[in-house]
Amino acid sequence: MVQIKTPEQIAKMREAGLVVAAIHAATREAAVPGATTKDLDQVARKVIADHGAKSNFLGYGGFPATICTSVNEVVVHGIPDDKTVLKDGDIISIDAGAIVDGWHGDAAYTAFVGTGHAPELVELSRVTEESMWAGIAAMKVNNRLVDISKAIESYIRRQPRPATGKYGIIEDYGGHGIGTEMHMDPHLLNYVSRKRGKGIKLVPGVCLAIEPMVSLGTAQTEVLSDDWTVLTTDGTWSSHWEHSIALTEQGPLVLTAPDCGRAKLAEYGIEAAPDPLV
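These figures come from a predicted structure and were not determined experimentally.

To continue, consider the nonpolar core. Residues Ile92, Met139, Ile148 and Ile210 are the most contacted members of the largest nonpolar core, which totals 56 residues. Here this core gets 8 residues from one element, more than from any other, and that element is helix α3 (residues 119-137). Membership of the second largest hydrophobic core comes to 10 residues, among which are Ile10, Ile178, Ala246 and Leu253.

Bringing the UniProt feature "binding site: a divalent metal cation 1" (unreviewed entry) in the protein chain into the picture now. The residues that UniProt annotates with the feature "binding site: a divalent metal cation 1" (unreviewed entry) are Asp95, Asp106 and Glu242. Separation in sequence by 148 residues is not matched in space for these annotated residues, since their most distant C-alpha atoms are only 8.0 Å apart. Judged by relative accessible area, Asp95 falls into the buried class, the value being 6%. When residues no more than four places from it in sequence are discounted, the contact partners of Asp95 are Phe57, Ile67, Cys68, Val76, Asp106, Ala107, Ala108, Glu211, His240 and Glu242.

Turning next to the state of the cysteines. By definition, a disulfide links two cysteine residues through a covalent bond between their sulfur atoms. Counting across every chain of the model gives 0 disulfides. Considering cysteine sulfurs only, Cys207 is the nearest to Cys260, which forms no disulfide, with 13 Å between them. Judged by relative accessible area, which is 1%, Cys260 ranks as buried.

So, about the sheet that holds strand β10 (residues 221-223). Ordered in space as β2-β11-β10, the 3 strands form an open sheet in which the pairing is antiparallel. With one partner strand each, in any of the chains shown, β2 (74-76) and β10 form the two edges of the open sheet. Ignoring strand direction, the axes of neighbouring strands in this sheet form an average angle of 40°. Alignment of β10 against strand β11 (residues 230-232), held across 3 bridges, turns out to be antiparallel. Residue Val223 lies in a different strand from β11, and its bridge partner there is Val230.

With antiparallel pairing, 3 strands are arranged side by side in an open sheet as β1-β3-β4. Each having just a single partner strand, β1 (67-71) and β4 (103-112) make up the two edges of the open sheet. Neighbouring strand axes in the sheet, compared pairwise and without regard to direction, differ in orientation by 15° on average. Pairing of strand β3 (residues 91-100) with β4 involves 10 bridges; the strand directions are antiparallel. Each residue of the ladder has a partner; that of Ile91, found in β4, is Phe112. Sheet strands in contact with helix α1 (residues 7-30) are β1, β3 and β4, and its direction is about 25° off that of β4. Of the strands in this sheet, β1 and β3 touch helix α2 (residues 37-50), which is tilted by about 150° from β1.

On to the environment of Glu181, then. Structurally, the position occupied by Glu181 is in the loop between β6 (175-177) and β7 (184-188). Its relative accessible area of 46% is what places Glu181 among the partly exposed residues. On a C-alpha basis, the gap between Glu181 and Asn143 in space is 24 Å, while along the polypeptide they are 38 residues apart.

With that out of the way, let us pick up the pattern of salt bridges. Throughout the structure, instances matching the rule amount to 10 salt bridges. Look at the salt bridges and you will find they share partners, linking Lys12, Glu15 and Asp101 into a network.

This part takes up the environment of Val192. Structurally, Val192 can be placed in the loop between β7 and β8 (207-210). Each C-alpha atom, one on Val192 and one on Ile152, is 9.1 Å from the other, the two residues being 40 residues apart in sequence. Once you skip the residues sitting within four places of it in the chain, Val192 turns out to touch Val146, Ser149, Lys150 and Glu153.

In the segment running from Asp185 into Pro186, the intervening peptide bond is cis, with an omega of 0°. Tracing the backbone through its elements, the reader meets Pro186 in strand β7.

It is worth spelling out α1 at this point. Taking 1.5 Å of rise per residue, 24 residues should cover 34 Å, and α1 covers 35 Å from first to last C-alpha, within 8% of that figure. Those residues of α1 that sit buried are Ile10, Ala11, Met13, Arg14, Ala16, Gly17, Val19, Val20, Ala21, Ile23, His24 and Thr27.

Quick notes on the rules
- Residues numbered from 1 in each chain as written.
- Predicted model: local features only at pLDDT ≥ 70, side-chain atom pairs only at ≥ 80, totals over all residues.
- Heavy atoms only, no water.
- Core = buried A, V, L, I, M, F, W, Y, C linked by side-chain atoms within 4.5 Å.
- Buried < 20%, exposed > 50% of the residue type's maximum accessible area, 1.4 Å probe, protein only.
- Helix = DSSP H or I, 4+ residues; strand = E, 2+ residues; numbered from the N terminus.
- UniProt positions renumbered as here; feature names shortened; annotations may be inferred.
- Contact = heavy atoms within 4.5 Å.
- Disulfide = S-S within 2.5 Å.
- Pairing = 2+ DSSP bridges.
- Axes fitted to C-alpha atoms, helices over the stretch in contact; angles between N-to-C directions.
- Salt bridge = Lys/Arg side-chain N within 4 Å of Asp/Glu carboxyl O.
- Expected span 1.5 Å × (residues − 1).

What follows is the structure, encoded as structure tokens:
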């Protein structure tokens, strides 16, 4: 069953989304050469505590941290620790979430550590982020779930190929519904699968976490013995971007973006829904 939210419930999700945005801002500033991924987790914990929110990552299925810190070839679910020291030239995808009054927010971004990053890494992050926004722009009333998947995949496939030969759209992980739980129906693929059909019709009150994960090579992943850390099977580096979005009568509302997604959606000729907290 897909959970349909009321405007009042979406406002609560916006509160949680703004906590996630604050985590992103603080961890982005802290992701510098010499910092450990555990340092970033401590930063996130403080932000959550300062906002009077709760973590939806800590303890989820036994996950031992507040954020996921996925460095270089790690795609998603990297566990923060004091042994992983960020180096100049690394990239790190930070996935964060928060709960406010039982309502969840969830978002991720890719950051560049230090300087001197290869152009293909900069382009990888750009392509992944922009494919996410293409998917968000397809979140329209009466569209189908597959329209979001198609928009994400089509954007990536239209881009010039990297020096490594291709972009790999990660197949084993995708977006999801969000609301009173972090992961809910429906599951959202970042590519079109005929086996999955068209998916649900998008109506006001549907809330989704849209999160493409893209590598500089394979679409295949493997999980380390910790049962969490996911990395590409060919060792190519990857990027992960995510926002939580509510579909309203006025259009999409990007719950985890400080400006509700107004600036980026305008590039697609779409007016973001007004902030329910203003």
